[in-house]
Amino acid sequence: MSAAAWICLLAPLGAALAITLAGQRLSRRGAGYLATASVGASFVAAVVVFVLLLGDSPNNREHPSVAWHWLTAGSYTFNLGILVDPLSTYMMLIVAGVGFLIVAYSIGYMDGDDEERRYFAYMALFVFSMLLLVQAGNLLILLAGWGMVGLSSYLLIGFWHERPEAVAAAKKAFVMNAFGDAAMALGLFLLVQQTGSLDFGVVFPAAGGLSPTVANLVALGLLGGAVAKSAQLPLQTWLPDAMEGPTPVSALIHAATMVTAGVYLIVRTNAIFEAAPTVQEVAAGLGAATLLMAGLIALVQTDIKRVIAYSTMSQIGYMFLAAGIGAYADGMFHLLTHAFFKALLFLAAGIVIHALSGEQDLRKMGGLRHKLPRTYWSFIVGGLALAGIPVFSGFFSKDPILSSALAQGWYGEILWVVGMVGCFLTGLYTFRMIFLAFWGEEKDGDLHAPEKDVPGISMGVTVAILTVLAAIAGFLQVFELWTPVSNWLDPVAPPLVVPTSTQEVVSSLVAVTLGLGGIGVAWWIYGARRAEAPEPSKLLEHKFYFDELYDAIFYRPAVLLAHGLLRFVERPLVFGSLRELTQGVRELGTGVRNLQTGLVRTYAFAIAASLAVVTLVFVVVR
Amino acid sequence: MDVGNVLVWIVWILAAFACLGSGIAVISFSNPFYSALSLIANLASLAVLYLLLSAEFVAAAQVLVYAGAVMVMFLFVIAYLGGRADTPWAGGPSWQALAAVAAAGAIFVEVIVVIGLKTGGRLTHAPTTDYFSGSPYDIGQLFLTDHLLAFEITSIVLLVAAVGGVILGSHARELPGAEG
Amino acid sequence: MMGPNIVWYLCVSAFLFTTGAAGVLIRRSPLIILLSLEIMLNGANLALIAFSRYHGTGDGQIFALTVMAVAAAEVVVGLGLIVAMARRRLELDVDKLRTLRG
Amino acid sequence: MSPPISTPPIDWFELGIPLIPLAAGVVCLLAAVLAPRGWRRPFAATVCALGFAGALVASAILYAHAADAHGVIADAVQRDRLGALAQMVVGGIGVLIVAVSYEEPMADDHIAEYYALLSWAGAGMIFLVTANSLMTLFLGLEWFSISLYILCAIDIELVGSLEAGLKYLIIGSFGSAMLLFGSALVYGATGELRFHAIADAVQAQNLSHDALLVAGLAFVIGGLAFKASAAPFHMWTPDVYEGAPTPVTGFMSAATKAVALVVMLRVLVTAFPQEAHLWTVTIAVIACCSLAVGNLAALVQNNVKRMLAYSSISQAGFMLIPISTNSALGGRAILYFLIPYSAMSVGAFGVVAARERELNQPVTFDNLAGFGWERPLLGAAMTVFMLGFAGLPLTGGFVAKFYALAAAYEHGWAWLVIVGVAATAVSLYYYLGIIRAMYMRPSEELQLAPVVGGSPPPERPLQAAVAAALVITVTSFILVQPLIDGARHAANAIF
Amino acid sequence: MSSGWLTTALIFLPVAGAIVVWVLPLKPFATASTAVLFALAEVALWIDALARYDFSKPGPQLAQQTSWFSDLNVSYHVGLYGFSVWFVGLTTVVLAAAIAYAFWAGRERADAYYGLMLLLTGAIVGVFVAQDLLLFYVFWEAMLIPLYFLVGVWGGPGRLRATIVFVIYTMAGSLLMLASIIALGFSQGSFDMVGTGTNGSDWIFLGFMAAFVVKAPLFPFHAWLPEAYRESSPEVAAVLSGVVSKVAAYGFLRIAIAKFPGPTLDFRVAILVLAGCGLIYGSMLAFRAPDVRGVIAYSSLAQMGLITFGLFAINDLGLNGSVLQIVNHGLLSATLFLLAGGIERRAATGELGRLGGMARGRPALATVLMVTGVIALAVPGSSAFAGEFAILAGVFQYGWGWAVVGAIAIVLAAMYMLRLISAVLHRSPGPAISDAALDLRPAELGILVPLLACLLVLSAWPAAITERAFALRKPIDIQSIIAGHIPTTLCANGLSAAERRALIGLGVKLVESPSCSSQSLTTGNLESQSNLRSVLP
């Protein structure tokens, strides 16, 4: 079993290395196929692991496997080890599966880009990193994967490195994640100091014994990492810019997998978070706030990918909410469905952009449903799933979260209300996008010929598969009637809250109503054009001024400080002091030199005078 | 105190003051010729003091070697070069002369003080009666026994100086001709 | 015969010595500087002889004699240098010897 | 009829060592008169070199046989390993200097006298280091000083040579007059001239606080410090070193200093042990002054000879540190120090001489440019010498400095260690400056092209001498043990 | 011990090579290739030493000792501790790469140049293996002599000033160390570093530190650094920041901490403050540096601060992490400087403003620079990350604030390194970049890829070093972790509170029992017993 897991982990890495080393010797297509194949292999391996794991009794489905000591320091040992258990297998399936589809899609999408090889190498590297993250057997390796997904996200966002904004966005994403990594590292330092280890097997049992302060600090550190990676408040601003990357990248990294790593982290380390309930509530709160804020901003976005990006943020908000209130399985289930429908939306958007030869501005689109009917329908499916309309997957995964929130006392009720508002917004911005893009009169942009509707087998098929999944994946878990996902995950992360059926019914009704309401309003304004679109508010257009804020309180001060140090410390003090010193010594030397008058009498005088002094001293001291 | 003692005192005072005066004269005459002459006087008066210290041979040598040979050479050179005068106390940095006198004075005072301190000790009481008589015989004996080596070395030094004089002089000789 | 105390001789020698030193310090003519050096040496000689008289040993007088010889040697070399300088048309003024300085 | 005079027994072995170069000098002098012009230079040089070599060998043998120190020839001189070691050093220096000065462009008709005087100066030094009484001390001092006065002035064509000679003569005589007067005072206080006798008299009559004695000591120290060119008695040094012919300068900076220091050690330790409380501190202070003055002034020099003169002042300061400790370790340190130091300064001045003949004008930092690349051996050697002066490893200079500082520390004078360290730090600037001038500036920067058309003269003897100096400098770093043992035995003669 | 000749050979093989290169009249090409061969032979020799070394045993191995001059007990004593092996390895590898790079780039006056490079190799190795204080100092200074020439002769236009500042500044520091060495040698009656116990004098300690902080350099003492790194030729800069700065770290570890535990504890905070300032300060200036070398130079200032952090955390995590990070940073900065050299050759300038867009069409350059860069910014999973994690985890145990500073520095590192990478590789080609500028040549790859390979292997297996740096695996005890002694247990009776704190800081176990006297030690070897007193403040 662990062999399969290792294969699953290493296959993409092998592909990445092979593509890098092969260089020109490997054809572009070959690179694509190789990457796809490797990820496919991972998926197969993951399935194998899953099947094997099914064989075990639910209570001993934990199979750690250590390759070697990764880092040691005297009495401390951190292994390069992986852990195969229901949670990691669940994630492996998602990552490898969705990854496979999207990499395959990329073959078509990236066709003709002259740096295809680099692209696929990066993609494979990313899948490896993500698998490392989810399979890690201890927090240090998890952090390693954590950083490497950040790295590959940096590489892929900046893939078109001639574009300054792409480079800038990539740097922004990396640096903000570096903040997260740093916070997480600090948490881990404390954990090491307290427990002497970072192995899940050691740390989690010990978590209960930590003093509340320690537990809070550790959890806070982990949460810091999570919010950075998952683009939650307050470290959310990098995600929209990340849309500079190729669309499949956005689909894979910034929708389906990487950005949800934060949720995975919280669920994985639920033991620690449960030892620090306050922080966990903070996590839920942040999720709620983010989903609301992102939903609002999404309303005014004009870039099709950014709308989806904000919706991603908002959906992850739901997952954080779930993880925060302890409905881990629900959160993870939403993660799954979201991976499907969000990947679907991105890839479909990719087709649109492809068809419009790179145009991403909604205002320049319109009437595409005639040109791209199939894409249009997959968009509809994805949209409905996103909006949580019954029978589509989003409905089954989102509502349990809300109902669990309802079961969580007054704090939960607040969250519930926020979530509901989120439902409304979701419907609204999703269908605003769809109506703007596909309805209305056609803009005569330089539109490709309609046969680009299904550009290439790879793109079409993958989108089709995802469409189906987005539509039906919800039936994996139908409330408490049929709960394989919860059964699977509960041994790892037992839920803290179980909603009553009434709560479920209530929240489902409200959610669906609001979702439909949102769609209706969108139709009223953007579909049927019955009302004039309201003037978007500056606040929303500036995304609540977060970028400006951070620029003002972090970046500028740093630059100023650096300048100041150079101007007021380096030059005057560090160098200046040395210059002064040498100057002084030289002046002394000149002084001594001037005593050397060249006059014999001076020399004789020097002798006589100093002799007089010496004699005097001698006679006085004796 | 007997007559002899008084006589000795008178001679001593005369000699001593002649010595001091001529010493001052040597360094204050602007014309080296006069200076040389007063140095001769100085040496002579010293010889007297030596006699009073019952160093007959040294006194004699003083007169012969110094006042005789050395000073003659001096006068010869001075005459040869023509007595170029330079005013004392002049030239050099302004503080020079003052400082010079100060330094010399300091040394003088210190030595006097040292001697004065000494008078408290053994220096005053009468010198030993069985003193070394500076007769040529005794001197010669010492030169051949205790200070044999010193004697030889002295001759070597003189040899070196002689050769040096020759070399330097010959330099001078070859100069007026454009090429020696 | 008694005569004055050693101390007085020593005072005279000290005076001579310092006079010579002062001469070296204030005069510019190398000739006179040489003379002043002679005075210094003679001052020392007087001290030596006085002490020799005082201690009743001959070492002082021997020393004095050798010093005379050495003084003569120095004079020879000194005069040789001065003559050479004069022949090279160098002004006989030590203050003018300032090409080497600093 | 007076009784017959019984002359004291004469130890010809001991006395012979100075006599060898002395005789060599006489032969040279004869050559000056008898040998035909063309032969004078090689003949005189050979004889002179042989004289020094002979002295070297003889003193080495003496060293082997002088395990027990005792005075000879009526205690006028001391026969011990201290003297023998110093004599070896002087002899070696002499040989090297002869080689260095072989091609010195000097009027042919005085070349023989030059070597004669060189031999005599060496003989005087060789005699001086064994001097055992204030009288022999004074005489030996005058012996080699007078020879050096003449040597400085011998190259009449050289600018400043006469000036150097006269300055040296005046100041030198002034200094020896001080020494003489000091000797007189000491004699007055103790009635003795021989070192041991002085010490015994002070002991016997409890004169250790005697005013006359300490005043005399002050004058003696002054006179000796003058010869060692230690500040503030140093001021003649730069002028004389610059004005004198370069080989003579090398001889002075190496031999005079070595001899003066050894004599100072001998006098202070053997004659004034009871005054140690005075002279240790004084010497330490003088050492600090020398370090400060030498280093600071050397920083701002452009003429290489003059810079080396100042550096030799600071080196004197360094060598005074171990003397000031008045300890066996100190004696060991100073005696070891002399070996690499002499080699380095002879070698350095040899290199300067070579460059001078190449350009035939004074060597400055600027016209050293490119020298290192044009003359690999000389450049490398000069580099090593400079590093050695700076006390960097891979040269004996390092071990020497280490011992000197160690002696100071052992004496309990950590402050002196710090002073020495600081001085070294300053000195790095100009020592490394030489290297920089030789290697790091392209010779295009050179103001004038070497007048010697084409390849510079081979100067085999000079190169050999420099190479020998180089070898000594480096070997004295690796083979410390034997040298230190030698120095220890020598120091045991007085400690 | 047998086979001590190996250590001696490690020192003198390159020296012999230098002599060969100097003496034999070879053509420049032959000279260079001879030098490269000697450098590679040196690496092979080190691998042999690595194979022979038994990392489980405490104390110096492959040791050799012969008296140098006996009256002060100075001896030629060389040997390897566990961590020294890695320092030496770093030296041989980086120097080999540097010499090979010079071969490729071509240097005039070849014989002098390569001779000096080999001499430098020998001297640096000597510093790391010397077990006698004076010998240590000898190599320490000998190291500077070739450097003086290498920077001064083959450097850039401003080389003269750069060298003089560099050499005199660093030597002024090391001269103070000489004073301290004398003092220490006399106080312990021998200049041997092994088995002479510890010393408690603050002044002696400070003398040593003066040399180390200047050489490292730590924050206010880095005035020589920017110019020296900017003016020297790339491979020399690589050696300077990759290896030469590490001798200071070695000094911290082998002398400051191991021989002066008491003073180390007294000045710990001060040193950590300097290191922290350097860490932030260097990162900040690297973030604004106008040219490639500036960024690398200031980043290595920051890195030395980080390493010092780990060392003076004085615990398992810190020390092991530092040794790892020393190797990492050595390889990294060497690679980066060589890359900078390659870039400057192509662009004829290092100014970031005039570079850019080099990734397009130059995959090898882009890949190498990118990989090196991301490892240098310690992306989690890299060896640099492993080192920094251990260091900061270690210093965290001493005080959480220090770790926070380190965490900030991690973010800054990301900022300046990404700035460097994208300024060189990304956006549209800068004015200095012509399309004619080639990709990395096979020769360059042949030099850079091995270095990179070392880094990648270390990324996969950092424990390769941390498991083999120190002899003991038990709660820290400074003497024992350095010299491999058994940790001592001391009876706490009659010790003042301060003494107790110092001892506990040293990891000495204090036993409270009426039966024992404060001198009696229950375990531990004799010399640590006899020297334990001197440890007390």
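What you see is a predicted model, and the numbers here were worked out from it, not measured in a lab. (Residues numbered from 1 in each chain as written. Chains lettered and ligands numbered in written order. Predicted model: local features only at pLDDT ≥ 70, side-chain atom pairs only at ≥ 80, totals over all residues. Heavy atoms only, no water.)

J.: Can you break down the overall build of chain A residue by residue, with the values?
T.: Scanning chain A for helices and strands turns up 25 helices and two strands. When its C-alpha atoms are laid out on the principal axes, chain A stretches across 115 × 60 × 55 Å. For chain A, the proportion of its 622 residues judged to be buried stands at 63%. Sequence-distant contacts, at least 24 apart, represent 80% of the contacts inside chain A between residues at least 6 apart. Surface exposure of chain A reaches about 21000 Å², of which carbon and sulfur atoms provide 68%. (Helix = DSSP H or I, 4+ residues; strand = E, 2+ residues; numbered from the N terminus. Buried < 20%, exposed > 50% of the residue type's maximum accessible area, 1.4 Å probe, protein only. Contact = heavy atoms within 4.5 Å. Areas by Shrake-Rupley, 256 points an atom, 1.4 Å probe, with all protein chains shown as cover.)

J.: Mind laying out the interface of chain C and chain D, listing which residues take part and the relevant values?
T.: Often the size quoted for an interface is simply the accessible area lost on bringing the parts together. Contact with chain C, which involves 42 residues of that partner, is made by 44 residues of chain D. Carbon and sulfur atoms supply 80% of the area buried between chain C and chain D, which totals about 3500 Å² over both sides. When residues of chain C are sorted by the area they lose upon contact with chain D, C:Phe63, C:Leu81 and C:Leu100 head the list and together hold 20% of the total. Scanning the region where chain C abuts chain D turns up ten residue pairs in polar contact (both at pLDDT 80 or more). Residue assignment for the side of chain C that touches chain D shows that the elements contributing at least two residues are helix H1 (6-26), helix H2 (30-55) and helix H3 (59-87) of chain C. If one sorts the elements of the side of chain C that touches chain D by residue count, H3(C) sits on top with 15 residues. Across the side of chain C that touches chain D, the residue classes break down as 28 nonpolar, nine polar and five charged. (Buried area = accessible area lost by both parts, 1.4 Å probe. Polar contact = N/O pair within 3.5 Å; in protein donor to acceptor, adjacent residues only side chain to side chain. Nonpolar A, V, L, I, M, F, W, Y, C, P; charged D, E, K, R; others polar.)

J.: So, the side chain of A:Arg268: which residues are in play, and what are the values?
T.: Residue and element names in this part refer to chain A. Note on placement: Arg268 falls in helix H11 (residues 261-268). At 2.8 Å, the side chain of Arg268 and the side chain of Asp85 are in polar contact. Excluding anything up to four places from it in sequence, Arg268 contacts Leu83, Asp85, Leu87, Ser88, Val134, Leu142, Phe200, Phe204 and Val492.

J.: I'd love a proper account of the pattern of salt bridges, names of residues and values included.
T.: Residues and elements named next belong to chain A. Using the criterion set out here, one finds 36 salt bridges over all chains in the structure. Note that Glu244 and Arg163 form a salt bridge whose closest N and O atoms lie 2.4 Å from each other. Of this pair, Glu244 sits in the loop between helix H9 (238-241) and helix H10 (247-256) while Arg163 sits in the loop between helix H5 (139-157) and helix H6 (164-195); the two residues are 81 residues apart in sequence, bridging distant segments of the chain. By relative accessible area, which is 17% here, Glu244 ends up buried. Accessibility expressed as a relative area gives 30% for Arg163, which makes it partly exposed. Lys172 is the salt-bridge partner of Asp547, the closest N and O atoms lying 2.7 Å from each other. Taken together, the residues Asp547 in helix H24 (residues 546-595) and Lys172 in helix H6 connect sequence positions 375 residues apart. Judged by relative accessible area, Asp547 falls into the partly exposed class, the value being 22%. (Salt bridge = Lys/Arg side-chain N within 4 Å of Asp/Glu carboxyl O.)

J.: Describe the packing of helix H17 (residues 373-387) of chain A against helix H19 (residues 409-438) of chain A, with residues and values.
T.: The geometry of a pair of packed helices is captured by two quantities: the angle between their axes and the separation between those axes. Residue and element names in this part refer to chain A. Following both chains from N to C, one finds H17 and H19 inclined at 170°, their axes separated by 9 Å at the closest point. Judged on the interaxial angle alone, H19 and H17 are roughly antiparallel. Together, Thr375, Tyr376, Phe379, Ile380, Gly383, Leu384, Leu386 and Ala387 of H17 and Thr426, Gly427, Tyr429, Thr430, Phe431, Met433, Ile434 and Phe438 of H19 make up the contact between the two elements. Classifying every residue of the contact of H17 with H19 gives eleven nonpolar, five polar and no charged. (Axes fitted to C-alpha atoms, helices over the stretch in contact; angles between N-to-C directions. Parallel < 35°, antiparallel > 145°, perpendicular 65-115°, else oblique.)

J.: Summarise the confidence of the model for chain A; cite the residues concerned and give the values.
T.: Residues of chain A with pLDDT of at least 70 account for 98%, and the chain-wide mean is 86. Here residues 449-453 of chain A is modelled with pLDDT under 50, and outside its nearest four sequence neighbours on either side it reaches eight contacts, counting other chains as well. (pLDDT = per-residue confidence, 0-100.)

J.: Give a detailed account of the domain arrangement of chain A, specifying residues and quantitative values.
T.: Split into domains, chain A comes out as domain 1 (137-546) and domain 2 (554-621). For domain 1 of chain A versus domain 2 of chain A, the separation of C-alpha centres amounts to 68 Å. (Domains from an automatic or database assignment.)

J.: Before we move on, can you summarise helix H7 (residues 195-205) of chain D with the specific residues and values?
T.: The α-helix winds at 3.6 residues per turn, so residues separated by three or four positions along the chain end up facing the same way. Residue and element names in this part refer to chain D. Here H7 has its buried residues at Phe195, Ile198, Ala199, Ala201 and Val202. Angular distribution of buried residues about the axis of H7 spans 160°; they occupy a single face of the element. Facing away from the buried side of H7 by over 90 degrees, the exposed positions are Gln203 and Ala204. Close packing links the buried residues of H7 with helix H5 (134-154), helix H6 (161-190), helix H8 (211-227) and helix H10 (246-271). (Arc of directions from axis to C-beta.)

J.: Residue-level account of the packing of aromatic side chains, with values.
T.: To describe a pair of aromatic rings, one takes the distance between the centres and the angle between the planes. For the coordinates displayed, the defined rule picks out 89 aromatic pairs over all chains. Measuring from ring centre to ring centre gives 5.6 Å for E:Phe136 and E:Trp140, while their planes differ by 40°; the resulting arrangement is tilted. Note that E:Phe136 and E:Trp140 are positioned in helix H5 (residues 133-154) at a spacing of four residues, about one turn of the helix. Here E:Trp140 falls in the buried class, since its relative accessible area comes to 0%. Sitting over the face of the ring of D:Trp373, E:Arg109 holds its NZ or CZ atom 4.0 Å from the ring centroid. A cation over an aromatic ring shows up here: E:Arg288 above the ring of E:Phe287, its NZ or CZ 5.6 Å from the ring centre. (Phe/Tyr/Trp six-rings, centres within 6.5 Å; stacked < 30°, edge-to-face > 60°. Lys NZ or Arg CZ within 6 Å of the ring centre and 35° of its normal.)

J.: How would you sum up the environment of C:Ala64? Please name residues and give values.
T.: Looking at the secondary structure, you find C:Ala64 in helix H3. On a C-alpha basis, the gap between C:Ala64 and C:Asn42 in space is 8.5 Å, while along the polypeptide they are 22 residues apart. Excluding residues that lie within four positions of it along the chain, C:Ala64 makes contacts with B:Val58, C:Asn45, C:Leu48 and C:Ile49.

J.: Let's hear about the pairing of strand S1 (residues 63-73) of chain A: which residues, and what values?
T.: Residues and elements named next belong to chain A. As judged from the nine bridges shared by S1 and strand S2 (residues 76-84), these two strands associate in the antiparallel manner. Note on S2: the bridge partner recorded for Val66 is Gly81. Between S1 and S2, which pair antiparallel one after the other, the connecting turn spans two residues, and Gly74 there sits at a positive phi close to 55°. (Pairing = 2+ DSSP bridges.)

J.: Help me get a handle on the interface of chain B and chain C, residues and values and all.
T.: Residue-level contacts link 84 residues of chain B with 70 residues of chain C. Where chain B abuts chain C, roughly 7000 Å² becomes buried across the two surfaces, and 77% of that area is made up of carbon and sulfur atoms. When the buried area of chain B at its contact with chain C is split by residue, B:Ile27, B:Leu53 and B:Phe74 rank highest and sum to 10% of it. Going through the elements one at a time, helix H1 (3-28), helix H2 (32-52), helix H3 (56-81), helix H4 (94-119), helix H5 (136-144) and helix H6 (148-174) of chain B are the ones with two or more residues in the side of chain B that touches chain C. When the residues that make up the side of chain B that touches chain C are grouped by side-chain class, the tally is 59 nonpolar, 20 polar and five charged.

J.: How would you sum up the arrangement of the chains? Please name residues and give values.
T.: The interface with the highest contact count, out of eight pairs of chains in contact, is the one between chains B and C. Separated in space, chain B and chain E share no contact, their closest pair of C-alpha atoms being 38 Å apart. In this assembly chain C lies apart from chain E, the nearest approach of their C-alpha atoms being 25 Å.

J.: Break down a nonpolar patch on the surface for me, citing the residues and quoting the values.
T.: Residue and element names in this part refer to chain A. Among the surface-exposed residues, Phe179, Leu549, Ile553, Phe554 and Tyr555 lie close enough to one another that they form a single nonpolar patch of about 470 Å² accessible area. By residue number, the principal contributor to the nonpolar patch is H24, which donates four residues. Residue placement: Ile553 occurs in helix H24. (Patch = residues over 30% accessible without salt bridge, like charges linked within 9 Å, V, L, I, M, F, W, Y side chains within 5 Å.)

J.: With reference to specific residues and values, describe the confidence of the model for chain E.
T.: Residues and elements named next belong to chain E. When pLDDT is averaged across chain E, the result is 85; 87% of the residues are at 70 or more. Ranking the helices and strands of chain E by mean pLDDT puts helix H4 (residues 110-129) first, with 94, and helix H20 (residues 526-535) last, with 38. Counting interchain partners and residues more than four positions distant, the pLDDT-below-50 stretch residues 479-488 has 44 contacts. In the predicted structure, residues 514-537 sits below a pLDDT of 50 and forms 54 contacts with residues beyond four places in sequence or in another chain. Two numbers describe this predicted complex: its pTM, 0.91, and its ipTM, 0.91.

J.: Account for the side chain of D:Gln481, naming residues and giving values.
T.: Turning to its location among the elements, D:Gln481 is positioned in helix H19 (residues 480-492). Not counting residues within four places of it along the chain, the set of residues in contact with D:Gln481 comprises E:Ser67, E:Trp68, E:Phe69 and E:Ser70.

J.: Just give me the short version of the packing of helix H10 (residues 261-288) of chain E against helix H11 (residues 292-313) of chain E, but keep the residues and values in it.
T.: Residue and element names in this part refer to chain E. As a packed pair, H10 and H11 sit with axes 7 Å apart at the nearest point and diverge in direction by 155°. By the angle between their axes, H10 is roughly antiparallel relative to H11. Remark: the crossing between H10 and H11 carries left-handed chirality. Here the contact of H10 with H11 is composed, by residue class, of 15 nonpolar, eight polar and one charged. (Left-handed = near helix turned anticlockwise from the far one by under 90°.)

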